[in-house]
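A closer look at the structure
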Amino acid sequence: MSISLQKGQRVSLAKPGGGALRRVRMGLGWDAVAKRGLFGKGKSQNIDLDASCLLFDAAGNLADAVWFRQLRSKDGSVLHTGDNLTGEGAGDDEVINVDLTSVPANVHRLVFTVNSFTGQDFSQIANAFCRLVDEETGQELARYDLTGAGGHNAQIMAKVARDGDGWSMTAIGAIASGRTFQDLVPAVKEHL
């Protein structure tokens, strides 16, 4: 059963029935808001949202980053499946796979962000969401709707953090500004 997360809500990533999750998929989906054209016809626009995963150590230092220009973490535990430039299609438009069992011991937090590389703000984006899926079963564990149209062009979506012997996820949902993950690092650090 999937949990619809609210901003700031934290959930354990233990498997239902016991055991720890081993592999998860963070999916990002969105649609462009149709612009009204001449004679009231809607014209779709291309919106290039980018999902990134930032890996932080215990001291809050950025240890690695996975994004459209680096699709794999240095250790291979995090893999981005590729850049979607338009948001077209159903379901997840961008996917980041994480093998939690292979995340290096020095990495304590994974933070997922989304930003508009082309600079459009969220008032031009519809149906945006991120979700966490158990990669072994295909079961959606949690979903966070990226609500709130506005003048921002980035959002800090969620944090997956070591929690004892397992992991937990916190929905952050903080608005930010920046066209790449590098622009977002100072804002992300406020949520570690």
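For the structure itself, look to the data block above.
What comes next concerns the included structure. (Residues numbered from 1 in each chain as written. Predicted model: local features only at pLDDT ≥ 70, side-chain atom pairs only at ≥ 80, totals over all residues. Heavy atoms only, no water.)

1. Some thoughts on the pattern of salt bridges
Under the criterion given, the structure shown has four salt bridges. Across the salt bridge formed by Arg-23 and Glu-136, the nearest N and O atoms sit 3.9 Å from each other. In this pair, Arg-23 is assigned in strand β3 (residues 23-32) and Glu-136 in the loop between β11 (125-134) and β12 (140-145), connecting sequence segments 113 residues apart. The partner of Arg-25 in a salt bridge is Glu-135, and the shortest N-O contact between them spans 2.9 Å. Note that Arg-25 is positioned in strand β3 and Glu-135 in the loop between β11 and β12, a separation of 110 residues in sequence. A cluster of three or more residues bridged by salt bridges with shared partners is formed by Arg-22, Arg-23 and Glu-136. (Salt bridge = Lys/Arg side-chain N within 4 Å of Asp/Glu carboxyl O. Helix = DSSP H or I, 4+ residues; strand = E, 2+ residues; numbered from the N terminus.)

2. Concerning the pairing of strand β7 (residues 62-66)
One ladder, built from four bridges, connects strand β6 (residues 49-57) with β7; its direction is antiparallel. Within β7, the residue paired with Leu-55 across the bridge is Asp-64. In sequence, β6 turns back onto β7 through a hairpin of four residues, with Gly-60 there showing a positive phi of about 85°. (Pairing = 2+ DSSP bridges.)

3. Concerning the pairing of strand β9 (residues 94-99)
With respect to burial, β9 is a largely interior element, five of its six residues being buried. As defined by bridge partners, β3 adjoins β9 across six bridges and the pair is classed as antiparallel. Bridge pairing links Arg-23 to Asp-99 in β9. Bridge count between strand β8 (residues 78-80) and β9: three bridges; the pairing is antiparallel. Bridge pairing in β9 links Val-78 to Val-98. (Buried < 20%, exposed > 50% of the residue type's maximum accessible area, 1.4 Å probe, protein only.)

4. Considerations on the side chain of Asp-134
With respect to the element layout, Asp-134 can be found in strand β11. Reaching out from Asp-134, the side chain makes a polar contact with the backbone nitrogen of Glu-136 at a distance of 2.9 Å. (Polar contact = N/O pair within 3.5 Å; in protein donor to acceptor, adjacent residues only side chain to side chain.)

5. Re the nonpolar core
Residues Val-98, Leu-110 and Phe-112 are the most contacted members of the largest nonpolar core, which totals 35 residues. Looking at this core, the elements that each hand over two or more residues are β3, β6, β9, β10 (107-116), β11, β12, β13 (154-163) and β14 (166-176). Formed by 15 residues, the second largest nonpolar core is a distinct cluster that contains Ala-174, Ala-176, Phe-181 and Val-188. (Core = buried A, V, L, I, M, F, W, Y, C linked by side-chain atoms within 4.5 Å.)

6. Observations concerning the packing of aromatic side chains
According to the stated counting rule, one finds three aromatic pairs in the structure shown. Geometrically, the ring pair formed by Trp-67 and Phe-181 is edge-to-face, given 5.0 Å between the ring centres and 75° between the ring planes. Here the residue Trp-67 occupies a position in the loop between β7 and β8, and Phe-181 occupies one in helix α1 (residues 181-189), the gap between them amounting to 114 residues. Taken individually, Trp-67 and Phe-181 each receive the classification buried, so the pair is uniform in this respect. A ring pair is formed by Phe-68 and Phe-117, whose centres lie 5.1 Å apart and whose planes are at 75°; its orientation type is edge-to-face. Pair noted here: Phe-68 is in the loop between β7 and β8 and Phe-117 is in the loop between β10 and β11, with a separation of 49 residues, a long-range link. Cluster of aromatic residues (ring-pair linked, three or more members): Trp-67, Phe-68, Phe-117 and Phe-181. For Arg-179, the ring lying beneath its charged end belongs to Phe-117, and the centroid distance is 5.4 Å. (Phe/Tyr/Trp six-rings, centres within 6.5 Å; stacked < 30°, edge-to-face > 60°. Lys NZ or Arg CZ within 6 Å of the ring centre and 35° of its normal.)

7. Digging into the environment of Cys-53
Inspection of the secondary structure assignment puts Cys-53 in strand β6. On the basis of relative accessible area, Cys-53 is assigned to the buried category, the value being 0%. Not counting the four nearest positions on each side in its chain, Cys-53 is found in contact with Asp-64, Ala-65, Val-66, Val-78, Ile-96, Leu-110, Val-111 and Phe-112. (Contact = heavy atoms within 4.5 Å.)

8. So, the side chain of Arg-131
As for its placement among the helices and strands, Arg-131 is situated in strand β11. A polar atom in the side chain of Arg-131 sits 3.0 Å from the side chain of Glu-140. When sequence neighbours within four positions are dropped, the list of residues in contact with Arg-131 reads Arg-25, Met-26, Gly-27, Asp-92, Glu-140, Ala-142 and Arg-143.

Keep in mind these numbers describe shape, not what the thing actually does.
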